[in-house]
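Per-entry structural report
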There are 2 protein chains.
Amino acid sequence: MSLPRLDTNYLVPDVTRDHVAALQPYVDLAHRMLVEKTGPGAEMLGWTDPAALMPPDLRTRIKNAASRLRGKADVMVVIGIGGSYLGARAVIDALPSADSSRVLYAGQTLGASYMADLKRQLKGKRWCINVVSKSGTTTEPAVAFRILKKQLEDEVGREAARELIVATTDPDPAKSALRRVADKEGYETFSVPPDVGGRFSVLSAVGVLPIAFAGADVDALVQGAADCCSACANPNVLKNPAYHYAAVRNLLYRQGKSIELTAVVEPQLYYLVEWWKQLFGESEGKDHSSLFPAGVQYTTDLHSMGQWVQEGRRNLFETFLCSYSLALKVEIPDDPENADGLNFLSHTGIAEVNKKAFEGTALAHCDGGVPNMTICIDDLTEHSLGALLYFYERACAVSGYMLGVNPFNQPGVEAYKKNMFALMNKPGFEAEHAEVAARVANARVDEDIAFG
Amino acid sequence: MSLPRLDTNYLVPDVTRDHVAALQPYVDLAHRMLVEKTGPGAEMLGWTDPAALMPPDLRTRIKNAASRLRGKADVMVVIGIGGSYLGARAVIDALPSADSSRVLYAGQTLGASYMADLKRQLKGKRWCINVVSKSGTTTEPAVAFRILKKQLEDEVGREAARELIVATTDPDPAKSALRRVADKEGYETFSVPPDVGGRFSVLSAVGVLPIAFAGADVDALVQGAADCCSACANPNVLKNPAYHYAAVRNLLYRQGKSIELTAVVEPQLYYLVEWWKQLFGESEGKDHSSLFPAGVQYTTDLHSMGQWVQEGRRNLFETFLCSYSLALKVEIPDDPENADGLNFLSHTGIAEVNKKAFEGTALAHCDGGVPNMTICIDDLTEHSLGALLYFYERACAVSGYMLGVNPFNQPGVEAYKKNMFALMNKPGFEAEHAEVAARVANARVDEDIAFG
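The next thing to look at is the sheet that holds strand S6 (residues 188–191) of chain B. Whenever strands of a sheet pair, they do so through backbone hydrogen bonds, lying parallel or antiparallel. Residue and element names in this part refer to chain B. Taken in spatial order, the five strands make up an open sheet running S3-S2-S4-S5-S6, and their pairing is parallel. Two strands close off the open sheet at either side, each with one partner strand: strand S3 (103–106) and S6. Across the sheet, the mean angle from the axis of one strand to that of its neighbour is 20°, orientation sign disregarded. Sheet analysis places strand S5 (residues 165–169) next to S6, joined by four bridges and oriented parallel. The partner of Val166 across the bridge, within S6, is Glu188. Each of strand S2 (75–79), S3, strand S4 (127–132) and S5 touches helix H7 (residues 139–156); the most contacted strand, S4, lies at about 155° to it. Across the face of the sheet, helix H10 (residues 205–213) comes into contact with S2, S3, S4, S5 and S6 while running at roughly 165° to S2.

A few words now on the nonpolar core. If you look at the biggest cluster of nonpolar residues, it comprises 339 residues, and the most contacted ones within it are Phe292 and Tyr392 of chain A together with Phe292 and Tyr392 of chain B. Not counting residues up to four positions away in its chain, the partners in contact with Tyr392 of chain A are Tyr245, Thr262, Trp275, Trp276, Leu279, Phe280, Leu321 and Ile375 of chain A.

Okay, the interface of chain A and chain B next. Between chain A and chain B, the residue contacts involve 148 residues of the former and 148 residues of the latter. Together chain A and chain B conceal approximately 12,000 Å² of surface at their shared face, both sides included; 63% is due to carbon and sulfur atoms. It is Arg146, Ile449 and Phe451 of chain A in chain A that bury the most area against chain B; as a group they hold 9% of the surface buried on that side. The interface formed by chain A and chain B includes nine salt bridges. For Arg146 of chain A, the salt bridge identified is with Asp340 of chain B, shortest N-O distance 2.6 Å. Applying the counting rule to chain A against chain B returns 50 residue pairs in polar contact (both at pLDDT 80 or more). It is helix H15 (residues 350–367) of chain A that contributes the most residues to the side of chain A that touches chain B, 12 residues altogether. The residue inventory of the side of chain A that touches chain B, partitioned by class, reads 67 nonpolar, 45 polar and 36 charged.

Moving on to the packing of helix H5 (residues 86–94) of chain B against H10 of chain B. Residue and element names in this part refer to chain B. At a closest axis distance of 8 Å, the pairing of H5 and H10 adopts a crossing angle of 30°. By the angle class used here, H5 and H10 are roughly parallel. H5 and H10 meet at a crossing whose hand is right-handed. Residue-level inspection shows Ala88, Val91 and Ile92 of H5 in contact with H10, the latter providing Gly207, Pro210 and Ile211. Of the residues in the contact of H5 with H10, the class split is five nonpolar, one polar and no charged.

What follows covers the relation of the copies chain A and chain B. What relates the pair of chain copies is a rotation about an axis plus a shift along that axis. Of the transformation superimposing chain A on chain B, the axial component is 0.0 Å and the angular component is 180°, with the fit at an RMSD of 0.0 Å. This pairing of chains is accounted for by a two-fold axis. Among all residues of chain A, the minimum C-alpha distance to the rotation axis is found for Ala294 of chain A, at 3.6 Å.

Residues and elements named next belong to chain A. According to the domain assignment, chain A consists of domain 1 (5–40 + 235–403), domain 2 (46–222) and domain 3 (411–439). Contact with domain 1, which involves 25 residues of that partner, is made by 24 residues of domain 2. It is Tyr271, Glu382 and Glu393 in domain 1 that bury the most area against domain 2; as a group they hold 31% of the surface buried on that side. Our count for the domain 1 to domain 2 interface comes out at one salt bridge. As a salt-bridge pair, Arg199 and Glu282 come within 3.0 Å of each other at their nearest N and O atoms. At the junction of domain 1 with domain 2, the criterion picks out seven residue pairs in polar contact (both at pLDDT 80 or more). When contributions to the side of domain 1 that touches domain 2 are tallied by element, the ones reaching two or more residues are helix H13 (270–284) and helix H16 (382–403). The element that contributes the greatest number of residues to the side of domain 1 that touches domain 2 is H16, accounting for 10 residues. Each residue belonging to the side of domain 1 that touches domain 2 can be placed in one class, and the counts come to 12 nonpolar, six polar and seven charged.

The rules behind the values
- Residues numbered from 1 in each chain as written.
- Chains lettered and ligands numbered in written order.
- Predicted model: local features only at pLDDT ≥ 70, side-chain atom pairs only at ≥ 80, totals over all residues.
- Heavy atoms only, no water.
- Pairing = 2+ DSSP bridges.
- Helix = DSSP H or I, 4+ residues; strand = E, 2+ residues; numbered from the N terminus.
- Axes fitted to C-alpha atoms, helices over the stretch in contact; angles between N-to-C directions.
- Contact = heavy atoms within 4.5 Å.
- Core = buried A, V, L, I, M, F, W, Y, C linked by side-chain atoms within 4.5 Å.
- Buried < 20%, exposed > 50% of the residue type's maximum accessible area, 1.4 Å probe, protein only.
- Buried area = accessible area lost by both parts, 1.4 Å probe.
- Salt bridge = Lys/Arg side-chain N within 4 Å of Asp/Glu carboxyl O.
- Polar contact = N/O pair within 3.5 Å; in protein donor to acceptor, adjacent residues only side chain to side chain.
- Nonpolar A, V, L, I, M, F, W, Y, C, P; charged D, E, K, R; others polar.
- Parallel < 35°, antiparallel > 145°, perpendicular 65-115°, else oblique.
- Left-handed = near helix turned anticlockwise from the far one by under 90°.
- Least-squares fit on C-alpha atoms with pLDDT ≥ 70 in both.
- Domains from an automatic or database assignment.

Next comes the structure, spelled out in structure tokens:
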């Protein structure tokens, strides 16, 4: 059993272990708010117990559904936005045991080119849909579901399509238009747990069904999260790397850092960063406070953002997320002429070079004034990733409570939707239409700045 | 002829046109440093005249090479990192007239999974290589070139492979190992202009050859840049949107903003943001100053970073990059039952909904305390994109000079490389090996923070 560890050695002198240990009372307070469910947002803590969130009978039902769909379809389109797809995508991309080419994504954009490409790509394929939406009325996934459901029905007929669509939504038909449609059409359904917010839902049916369809071992995934949960019972900040991470973030923010850069060193881990951005950004980005979560992928971005990180404004710190597995060996060939001078690397695997690059980077950034730490996982297995997801969720909850915000709401995400609905004259928004349309028109009172 | 425009209306009250006009003397100074080549980095201004950078005979040679390669190969692998691929990828992804499925990328990562996947993907395909490296010794592309050259030679034989490899590198064999190899092997070659830095090289052979291979009209691309260049002869900040953009960034930085968020509203434009991040981050991220460049893709990221942007710390501003084309219509079907309540959108194209979402978002973010502006292009054609690339390059140069830095060097990018070479015991780094290895070992003096 391996759980995430935290290498804090490049945080000194900004943050020492003594500094972190001094925060123990505040960590204890946050821990109690979480486990005793006495903090703000306590009604949204269904994610805290992964074993209860995903009991054996539900896991069996998910595995059966995935197996049934894999018999009928080569590709699954996951229709969802934000927490309804990011966690699944993060795990499917990262896991060598999952076949990421079997899962495509829709409803996460209103881009017309993207949708047109996807529709083309699906033609002639055997495909199915997992539509994930708590309410069933979120514009992006609802629009995508209309379009893709029609295509699927046109291709295989309405009867057969019913067997190829699975809906993951609120259990209460009064709260979910998608639940009502699914019940009427006879789609298989799974529940978005009412006490789990989207960004904490990857280890519910929301994430687990697509992950199972991709071929991963979901029992091991859940077990990893459950093992990390058990380990988190100990709130000692020097024995709990999730809490230690939360405390370090809190200290660095108070020291004046305004950006946390999470860096991965392999491209297939990048969606873990996107998932992390939502988790921390949406949980903490309120009350005009908190660290801005940004992501980079190395060594790729050392050749774009590297200069900034090395010598730009000293208002950031960096958290590496690394798996140390060197199992996959892609060997560098020998070149008798050695024109590029790289024969000292002949027959080395590129993963080994990548590891040296990471070590060199962490040291260089520390020397450049960027305190950094590393979240280490031993391998990219279901168990390790399940534990990692839980590590981040738990760290986020404690970090949010230490910051003094409710980590489980997201009051700001409605602002653009209200304007959009008003501009589109959506039924129910007639009153706002005139006002918002006038404001947009008035904002245009000045001509654009144009060449000439 | 259409050139980028700048909609500044959501900058008020933080930045008014009077505020910007008051910066005219500083803009004039930066303009003169640029056109009279009297500022720092003046030896790297080869990009400023796009017509001279890409004269007709060079364009013809590039088009002929692309045409020859398209006859022999269905897929081109562009091997390069940073400025050696980002510009090409940005244009190829964004342009509807380019076939992005024909161009793959390598040498931009040391990830073993990525390389193993790419090698598998190429098997059985007709493919060619454009290796882009000024020196030919940058680790990531050099390693990828060794691996892929061997695969290509194994697949088609060494003779045939020679016809399928094109090198873009420094013209001077003394400065480029790749030039020496190419001359010896008889590869077709193009030059990385010695007076153009990687991040300003998209409109040289570096970017134009892959873009031509993807099927785009490179004459129109260059013409767009040249037209934008002509228009930039006017330094009047109210008549030059590139300079206006630079001045606004400068004002907002001085007002205390520390992050610029560039937002696109279609996924295929995302690599323009990655290219922009390198352009501005590497040009300005020095002397411990400058705005941190971050990117988002809407509406996707409104469901992850949206909360933070709406209500997080008020230390950011936002620049939308929008094309207003609604040409591609992917229609929303009618649903007689209207369960999702979206029948008010029946038969609407999703691009129209996306446009309303953008308008609603810009207003909501302004209301939330995030000043924002929009760079507008009329369509996604070669001409418009060429003009846009030049717009950003010119704005970046002026912005950097206004900030007081040399926008054309990148002293910080060597730091991690030196450590990496030392750790790998690269010939020439023997002296540093012991020291750096000891520092990395010493940094490990504390155990990781682990559960238990």
